[in-house]
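Each chain is listed here by its residues.
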Amino acid sequence: MRWKPILIAAAIIVPLLALFTFGMTTDPRTVPTPLAGGEAPDFALEIMPLEGEPGSSEEEPVRVRLSDHIGDIVVVNFWASWCLPCREEHAPLMRVAETYQDRGVAFYGILYNDSPGNAQRWLEEMGGQSYPTLLDPRSRTAIDYGLYGVPETFFIGRDGRLAYKHFGPVTEQVLVEQIESLQPVGEEVGP
Amino acid sequence: MMRPVAWVVVVLALVAPMCFASIAWTMTADDAAVQESTIGVTAEQEAAQLEDPELDAVTRELASQLRCPVCQGLSIQDSPTEMAEDMKLLIREQLAEGRSAEEVKTYFIGRYGEWVLLEPKAQGLNLAVYILPALGVIFGAGLIVRSVRRWVQQNDPATDPSAH
């Protein structure tokens, strides 16, 4: 048996196969965000009124600005009513938001590619929300955050820096872990 | 007849680089496929756009070079998703503000990573994507030629293989 051509072929094919196999195990959607570690992009978005509530007046809509939240930990969750995994993370988000609301942690939902009507109906079906959802016309903020799809959750520290981006539905464990990791050292906080 | 092992080697040697080559080709294919967008824009967007065919042309060109994050494998220009429409509008606005194509690309790379470019920048490790498929095809072709030549010689009773 002539070994040389087989060895040459193997030397090329084996690393290729290893590369492809490794590639199969990674999720192409979980590309790390280049924004991590840097300043989280600012936004000034209108709050979505809940079903039955009057919307903010046309002249001076109330806007939530990220830059007003320096000193707080901010958790931003992009979601949509047509997004199935968003249903999974709704309850954990509500629970953790309520738990941490007096500890300088602000939660905001940002609606992505959806109508307020759909979103309001969805929230009613899911049992309401414990924090406001913001409207993002033309997905400017979504693009600013490098969004691929929903759900994605961003954790912003008290200094306004983006600490971590979570792809897919977020769990109670991830929420608590990330929030705790953003508390300054020495502060005693518990769920 | 060539030994079965050699045949397996030839087939694998062709298939592997072809996979690589086809991946590289799909990434460059969008350049050749710049089409007029047939997706309707909302009345609001249409009004906002104002008449500017030159700006539209530059927008289309740039949009063809960026990957739609939602429909993987499609450029923002070709993707039918609403996200792609929003991104196209943003590109157009940034260009209208006076930003250069490079600056707009830098903005998107800063948000999505270099992955958002359909054609990876031809520098550093990315060069492998361009060079390796070419090398692979050349190598595979060489293997075929060698094997076929040997196969022909073996089958031709008039040729004495040991004389080569």
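Conventions used here
Residues numbered from 1 in each chain as written. Chains lettered and ligands numbered in written order. Predicted model: local features only at pLDDT ≥ 70, side-chain atom pairs only at ≥ 80, totals over all residues. Heavy atoms only, no water. Disulfide = S-S within 2.5 Å. Buried < 20%, exposed > 50% of the residue type's maximum accessible area, 1.4 Å probe, protein only. Helix = DSSP H or I, 4+ residues; strand = E, 2+ residues; numbered from the N terminus. Pairing = 2+ DSSP bridges. Right-handed = clockwise from strand over helix to strand, strands pointing away. Axes fitted to C-alpha atoms, helices over the stretch in contact; angles between N-to-C directions. Parallel < 35°, antiparallel > 145°, perpendicular 65-115°, else oblique. Left-handed = near helix turned anticlockwise from the far one by under 90°. Contact = heavy atoms within 4.5 Å. Nonpolar A, V, L, I, M, F, W, Y, C, P; charged D, E, K, R; others polar. Salt bridge = Lys/Arg side-chain N within 4 Å of Asp/Glu carboxyl O.

(A) Molecular detail of the state of the cysteines. All names here are of chain A. Using the criterion set out here, one finds 1 disulfide over all chains in the structure. Sulfur-sulfur distance for the disulfide between Cys83 and Cys86 comes to 2.2 Å. Here the disulfide of Cys83 and Cys86 is right-handed, its torsion about the S-S bond being about 95°. Of the two residues, Cys83 and Cys86, neither departs from the other in class, the shared state being buried.

(B) The arrangement of the pairing of strand β6 (residues 152-156) of chain A in detail. Residues and elements named next belong to chain A. Of all 5 residues in β6, 5 are buried, a share of seventy percent or more. Burial along β6 is two-sided: Glu152, Phe154 and Ile156 and Thr153 and Phe155, pointing in opposite directions, are all buried. As defined by bridge partners, strand β3 (residues 73-79) adjoins β6 across 5 bridges and the pair is classed as antiparallel. Bridging from a neighbouring strand, Phe78 pairs with Glu152 of β6. With 5 bridges connecting them, β6 and strand β7 (residues 162-167) associate as antiparallel partners. Note that in β7 the partner of Phe155 across the bridge is Tyr164. Where β6 hands over to β7, the hairpin turn is made up of 5 residues, of which Gly160 adopts a positive phi near 85°.

(C) Seen up close, the pairing of strand β4 (residues 105-111) of chain A. All names here are of chain A. Within β4, 7 of the 7 residues are buried, which leaves it mostly tucked inside the rest of the structure. By the alternation rule, side chains of β4 split into Val105, Phe107, Gly109 and Leu111 and Ala106, Tyr108 and Ile110, which are all buried. Sheet analysis places β3 next to β4, joined by 7 bridges and oriented parallel. Looking at the pairing, Phe78 lines up with Ile110 of β4. In this view, the connection linking β3 to its parallel neighbour β4 by way of helix α2 (residues 85-100) has right-handed handedness. Pairing analysis gives 3 bridges linking β4 to strand β5 (residues 133-135), with the strands arranged parallel. Looking across to β5, one finds that Gly109 is bridged to Thr133. One crossover worth recording links β4 to the parallel β5 by way of helix α3 (residues 116-126), and it is right-handed.

(D) Fine view of unusual backbone geometry. Residue and element names in this part refer to chain A. Geometrically, the link from Val150 to Pro151 is a cis peptide bond, its omega value of 0° lying close to zero. Secondary-structure assignment places Pro151 in the loop between α4 (140-144) and β6. Although it is not a glycine, Asn113 adopts a positive phi angle of roughly 50°. Mapped onto the elements, Asn113 comes out in the loop between β4 and α3. Positioned with a positive phi, Arg138 is a non-glycine residue whose angle comes to about 60°.

(E) Seen up close, the packing of helix α4 (residues 82-96) of chain B against helix α5 (residues 101-112) of chain B. Residue and element names in this part refer to chain B. Orientation of α4 relative to α5, taken along the N-to-C sense of each, is 140°, at an axis distance of 9 Å. With respect to each other, α4 and α5 are oriented oblique. Of the two elements, α4 crosses α5, and the hand of that crossing is right-handed. Of the residues in α5, those touching α4 at Met83, Met87, Leu90, Ile91, Gln94 and Leu95 are Ala101, Val104, Tyr107, Phe108 and Tyr112. Split into classes, the residues belonging to the contact of α4 with α5 amount to 10 nonpolar, 1 polar and no charged.

(F) Summary view of the pattern of salt bridges. Using the criterion set out here, one finds 11 salt bridges over all chains in the structure. Across the salt bridge formed by B:Arg111 and A:Asp144, the nearest N and O atoms sit 3.0 Å from each other. Of this pair, B:Arg111 sits in helix α5 while A:Asp144 sits in helix α4, placing the two residues on different chains. Residue B:Arg111 shares its accessibility class with A:Asp144, and that shared class is buried. A salt bridge links A:Lys165 to A:Glu152, with the shortest nitrogen-to-oxygen separation between them at 3.1 Å. A residue pair is termed long-range when its members are at least 10 positions apart, and A:Lys165 in strand β7 and A:Glu152 in strand β6 qualify at 13 residues. For A:Lys165, a relative accessible area of 6% translates into the label buried. Within the structure, one salt-bridge network assembled from shared partners comprises A:Arg138, A:Arg140 and B:Glu93.

Fair warning: the whole summary comes from geometry, so function is off the table for now.
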